[in-house]
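Single-letter residue listing:
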Amino acid sequence: MTTGENDQVESGIIDINEIMRLLPHRYPFALLDRVTACEPGGRVRGLKNVTINEPFFTGHFPDAPIMPGVLILEALAQISGILAIRTEFERAREPDQRLYFAGIDGARFKRPVVPGDQLVLESEMIKRRRDIWRFQTRATVDGTLAAEATLTCALKAA
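Keep in mind it's a predicted model, so treat the numbers as computed, not measured.

## Thoughts on the layout of surface pockets
- What the second largest pocket holds in volume is close to 230 Å³.
- Contributing to the lining of the second largest pocket are 13 residues, with R43, V44, E122, S123 and E124 lying nearest its centre.
- When contributions to the lining of the second largest pocket are tallied by element, the ones reaching two or more residues are strand 1 (34-39), strand 2 (43-49), strand 4 (118-129) and strand 5 (132-141).
- When its residues are assigned to classes, the lining of the second largest pocket shows three nonpolar, three polar and seven charged.

## Observations regarding helix 3 (residues 69-87)
- Taking 1.5 Å of rise per residue, 19 residues should cover 27 Å, and helix 3 covers 27 Å from first to last C-alpha, within 8% of that figure.
- With 16 of 19 residues buried, helix 3 lies mostly within the body of the structure.

## Some details on the nonpolar core
- Counting residues in each nonpolar core, the largest one holds 38 residues, and the members touching the most others are V35, M67 and L119.
- Contributions of two or more residues to this core are made by helix 2 (16-22), strand 1, helix 3, strand 4, strand 5 and strand 6 (144-157).
- For this core, the element with the most residues is helix 3, which contributes eleven residues.
- The contact partners of V35, leaving out residues within four places of it in the chain, are G12, I13, I14, I19, V44, R45, G46, I79 and I82.

## Some points on the side chain of S123
- Take S123: it is sitting in strand 4.
- Its relative accessible area of 3% is what places S123 among the buried residues.
- Beyond its immediate stretch of four places on either side in the chain, S123 contacts G42, R43, V44, I79, S80, L83, F135, Q136 and T137.

## Describing unusual backbone geometry
- A cis amide bond links Y27 to the next residue, P28, at an omega of 5 degrees.
- Here P28 shows up in the loop between helix 2 and strand 1.
- Geometrically, the link from H60 to F61 is a cis peptide bond, its omega value of -10 degrees lying close to zero.
- In this fold, F61 is placed in the loop between strand 2 and helix 3.
- Positive phi values are uncommon outside glycine, yet R130 reaches one of about 55 degrees.
- Relative to the elements of secondary structure, R130 occurs in the loop between strand 4 and strand 5.
- Within the chain, D142 stands out as a residue other than glycine whose phi angle is a positive 50 degrees.
- Examined against the element boundaries, D142 turns out to sit in the loop between strand 5 and strand 6.
- Assessed through its relative accessible area of 73%, D142 is described here as exposed.

Reading the values: rules and limits
- Residues numbered from 1 in each chain as written.
- Predicted model: local features only at pLDDT ≥ 70, side-chain atom pairs only at ≥ 80, totals over all residues.
- Heavy atoms only, no water.
- 1 Å grid on protein atoms, 1.4 Å probe; cavity = no way out; pocket = protein on both sides within 12 Å on 5 of 7 lines; lining within 4 Å.
- Points joined across faces, edges and corners; volume = space filled by probe spheres on them.
- Helix = DSSP H or I, 4+ residues; strand = E, 2+ residues; numbered from the N terminus.
- Nonpolar A, V, L, I, M, F, W, Y, C, P; charged D, E, K, R; others polar.
- Expected span 1.5 Å × (residues − 1).
- Buried < 20%, exposed > 50% of the residue type's maximum accessible area, 1.4 Å probe, protein only.
- Core = buried A, V, L, I, M, F, W, Y, C linked by side-chain atoms within 4.5 Å.
- Contact = heavy atoms within 4.5 Å.

Written out as structure tokens, the structure reads:
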């Protein structure tokens with residue numbers, strides 16, 4: 001690990017290059033731009049900058065673009081994946097291991113997310129049993145709740 005990488009791990013800040021190294025998602029499904037804080041085994045916070053250039057806005061909806069709720073949940077799952085990987089770094093990054101969605105509970109959407117918004121994505125690990133993690137997640141825009149859900153993920157062979 002280089003000095004710069006070590007500084008990022010200690011501060012909890014993870015830039016897009018490190019996110020791309022940690023997560024398998026690529027355009028157009030890479031929905032996390034930056035991690036601003038990460039406490040392994042505890043909490044994580046990150047950002048998704050929502051721009052009019054997102055491919056889903058051409059069809060959802062052309063005259064009134066709104067980020068699909070399912071993609072907000074995917075962004076929350078990706079930030080949760082970062083927390084799981086940072087919690088169990090070596091094993092979760094093995095090439096034959098992947099973190100998969102196993103459940104979504106209590107999903108609520110409170111406000112539309114539109115181009116120009118910055119989603120603040122937060123996840124807290126609430127339970128872990130072997131290879132199953134549960135996270136309490138929320139997405140806010142300008143301090144206002146946009147979405148929340150309890151997500152369950154499982155670490156499985158790819």
